[in-house]
Amino acid sequence: QVVNYAPFTLLPSAVPSALFEQAYAVQQDFNLLVDSISQNKEFLERTLASTIKVDDFTARLFRIYMQVLEEGLAQSVFLGINRSDYMFDCGVDGTPALKQIEINTIAASFGGLTSRTAAVHGRVLKVLGKPKEASHLLPNNPSKGLALGIVKAWELYGSQSAVVMFVVEEVQRNIFDQRCIENELWDRNIQVIRRRFSDVFEKGSLDDARRLYMDGQEVAVVYYREGYMPKNYNQQNWEARLLLERSRAVKCPDIATQLAGTKKVQQELSRPGTLEELLSGHTEAVTRIRATFAGLYSLDMGKEGDKIAAMAIADPDRFVLKPQREGGGNNLYGEELRQVLEKIRDSPERTSYILMDKIKPQPALNYLLRAHSPLQVSECISELGIFGVYVRQGKEMVMNTAAGHLLRTKAIEHADGGVAAGVAVLDTPYLV
Ligand code: ADP
Ligand code: MG
């Protein structure tokens, strides 16, 4: 009922061009990796075994995953839309390095709104009498890139009359971001419907071939913009999710790909040998991926986990403690990290977390513009995201692209949180 502009920085932020290019260059590798994990039952089972004993949300997702596999997949076309996020870690000698924060494999957002931010910042620079600098800003259109993935999946599904269904939240604050992608689909004569899990529970059904129907319309692609947090689910919503996963429709992402994006999987990927196992034969991809990893540590029960817990308690400012959650505002830092870890250090509860080296970027000054907030200059740090899109049919990759970028900037006093969490704002990289 109230429309606000999306928050943004007044000025674009400097981003080292070598790191920007590095982030783009590794995106297709990450697409391959996520896709490979999603097809590796043995790896997912082994990796998530300790987590699902203590984390109910991951356990429920995992149960759906197993149930769908037992029945046999009806889905043969797979669509991944992810966003790999990075910060520029400032080493001891001051040289920045690209370090991955996480990869989001479900509901990765702001590809729509950020397709407009370069134009906003270009205008600001012109108003400031800097047309040359304005022309230096790169065009960026993830809306289109994401939509092209959906289009490809829709085509391969192969039914002209079938629709694309966006699964959205009960109260959707970020609707305009989604509309940007939706518009690209309508422009290509693909019909889009928006439904909640509760609608799917009430009106969704499968036929004998497990084709998915909503209100009598066949659904070719299900694009989740929800379903990644425990609060998105009640019993009925879990049943709706199961129905969708059992269907022949292309889910973006399918449940396996959602699990591939858990923080526990991220931590296991950093173990020596794991990438080599998952991407065997792709030696260069493995090297490019590993170069972006920060230190990641398992808190599984046993000697290794005991040592890690003690190390973090002794020096909490060096680390971030992360539970298996998405959406910002869940991680623990500093004194709070120490207190929580001290309390659970001898309990299996600690295995619901992973530990990560804290990345320390060089702050820069900018103005953060937010509706109804006073304007003031802040010391800021930025996080760069690259959108990845891929489509697989059976065993064959038919699309694998980097579809654009997102730069989010926040004041340094906030350790955590994205744009939706009200902390970060939209930005544009100014390559230096
Ligand atoms: P979420 O799934 O909630 O988005 P993230 O892993 O992306 O979880 O963490 C949320 C935010 O916390 C990030 O956007 C970043 O600002 C901060 N953060 C996460 N990991 C680190 C890290 N290793 N070092 C510094 N800041 C971090
Ligand atoms: Mg994040």
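Residues numbered from 1 in each chain as written. Chains lettered and ligands numbered in written order. Predicted model: local features only at pLDDT ≥ 70, side-chain atom pairs only at ≥ 80, totals over all residues. Heavy atoms only, no water.

Draft legend 1. Just the overall build of the protein, in detail. Per the secondary structure count, the protein includes 16 helices and 19 strands. Taking 2.2 N^0.38 as the reference for a compact globule, 432 residues should give roughly 22 Å; the C-alpha atoms of the protein span a radius of gyration of 21 Å, in line with that estimate. Principal-axis analysis of the C-alpha atoms places the extent of the protein at approximately 60 × 60 × 45 Å. Looking at the protein as a whole, 58% of its 432 residues are labelled buried. Sequence separation of at least 24 residues holds for 74% of the intrachain contacts in the protein that already meet a minimum separation of 6. Per element, the accessible surface of the protein, about 18,700 Å² overall, is 51% carbon and sulfur. (Helix = DSSP H or I, 4+ residues; strand = E, 2+ residues; numbered from the N terminus. Rg over C-alpha atoms; globule rule 2.2 N^0.38 Å. Buried < 20%, exposed > 50% of the residue type's maximum accessible area, 1.4 Å probe, protein only. Contact = heavy atoms within 4.5 Å. Areas by Shrake-Rupley, 256 points an atom, 1.4 Å probe, with all protein chains shown as cover.)

Draft legend 2. Here's a closer look at the UniProt feature "binding site: Mg(2+)" (unreviewed entry) in the protein. UniProt records the feature "binding site: Mg(2+)" (unreviewed entry) for E102, N104 and E326 in the present numbering. For the annotated residues, spread through 225 residues, the largest C-alpha to C-alpha distance comes to 10.0 Å, consistent with a single compact locus. Considering only the annotated residues already named, the ones lining the largest cavity are E102. Its place among the elements puts E102 in strand β4 (residues 96-104). Exposure remark for E102: the relative accessible area of 13% places this residue in the buried category. Setting aside chain neighbours within four positions, we find E102 in contact with R83, S84, D85, K263, Q266 and E326. (UniProt positions renumbered as here; feature names shortened; annotations may be inferred. 1 Å grid on protein atoms, 1.4 Å probe; cavity = no way out; pocket = protein on both sides within 12 Å on 5 of 7 lines; lining within 4 Å.)

Draft legend 3. Representation of the pattern of salt bridges in the model. Evaluation of the coordinates by the stated rule reveals 30 salt bridges. A salt bridge links K203 to D215, with the nearest nitrogen and oxygen atoms 4.0 Å apart. Separated by 12 residues along the polypeptide, K203 in helix α9 (residues 197-203) and D215 in the loop between β8 (212-214) and β9 (217-224) bring together distant segments of the chain. In this structure K203 comes out as partly exposed when scored by relative accessible area, which is 48%. Where D306 meets R350, a salt bridge forms, and the shortest distance between an N and an O atom there is 2.9 Å. Of this pair, D306 sits in helix α15 (residues 303-314) while R350 sits in the loop between α16 (334-344) and β14 (353-357); the two residues are 44 residues apart in sequence, bridging distant segments of the chain. On the basis of relative accessibility, which here comes to 0%, the residue R350 falls in the buried class. Via salt bridges that share partners, K264, E268, R271, D300 and E304 belong to a single interconnected network. (Salt bridge = Lys/Arg side-chain N within 4 Å of Asp/Glu carboxyl O.)

Draft legend 4. Broad picture of the packing of helix α3 (residues 41-54) against helix α4 (residues 56-71). α4 packs onto α3 with a crossing angle of 145° between their chain directions and a minimal axis gap of 8 Å. As α3 packs across α4, the resulting crossing turns out to be left-handed. Of the residues in α4, those in contact with K41, L44, E45, L48, T51, I52 and V54 of α3 are D56, T58, A59, F62, Y65, M66 and L69. (Axes fitted to C-alpha atoms, helices over the stretch in contact; angles between N-to-C directions. Left-handed = near helix turned anticlockwise from the far one by under 90°.)

Draft legend 5. Examining the environment of L113 more closely. Checked against the element boundaries, L113 lands in the loop between β4 and α5 (117-127). Given the relative accessible area of 19%, L113 is considered buried. Residue contacts for L113: discarding those within four places in its chain leaves A6, N174, F176, D177, C180 and L426.

Draft legend 6. Broad picture of the nonpolar core. Membership of the largest hydrophobic core comes to 62 residues, with the highest contact counts inside it found for L33, I37, M165, V222, L244 and L269. In terms of residues, this core owes the most to one element, α4, which gives seven residues. Every residue in contact with L244, bar those within four places of it in the chain, is listed here: M165, V167, F197, V200, L212, V222, Y224 and K251. Of all hydrophobic cores here, the second largest spans 37 residues; its members include L79, L146, A153 and V389. (Core = buried A, V, L, I, M, F, W, Y, C linked by side-chain atoms within 4.5 Å.)

Draft legend 7. Summary view of the site of ligand 1. The environment of ligand 1 is formed by 21 residues, the closest being E102, K322, G328, E383 and K410. G328 places a polar main-chain atom, nitrogen or oxygen, 2.6 Å from an oxygen atom of ligand 1. Between ligand 1 and I359 there is a distance of 2.8 Å, counted from a nitrogen atom to a backbone nitrogen or oxygen. Among the secondary structure elements, those contributing two or more residues to the shell around ligand 1 are β4, β12 (319-323) and β14. Counted by class, the shell around ligand 1 contains seven nonpolar, four polar and 10 charged residues. Counting the residues that make up the shell around ligand 1, at least three belong to each of domain 1 (8-294 + 359-431) and domain 2 (298-358). (Near = heavy atom within 4 Å. Polar contact = N/O pair within 3.5 Å; in protein donor to acceptor, adjacent residues only side chain to side chain. Nonpolar A, V, L, I, M, F, W, Y, C, P; charged D, E, K, R; others polar. Domains from an automatic or database assignment.)

Draft legend 8. Main features of the packing of aromatic side chains. Overall, the coordinates contain 10 aromatic pairs when judged by the stated rule. Plain terms: the ring middles of Y5 and F8 are 5.7 Å apart, the flat faces sit at 65° to each other, and that makes the pair edge-to-face. Judged by relative accessible area, which is 43%, Y5 ranks as partly exposed. When its relative accessible area of 19% is taken as the criterion, F8 is described as buried. Through pairs of rings, three or more aromatic residues link up here, namely F57, F197, Y224, Y233 and W238. Its end group placed over the ring of F78, R392 keeps NZ or CZ at 4.3 Å from the ring centre. (Phe/Tyr/Trp six-rings, centres within 6.5 Å; stacked < 30°, edge-to-face > 60°. Lys NZ or Arg CZ within 6 Å of the ring centre and 35° of its normal.)

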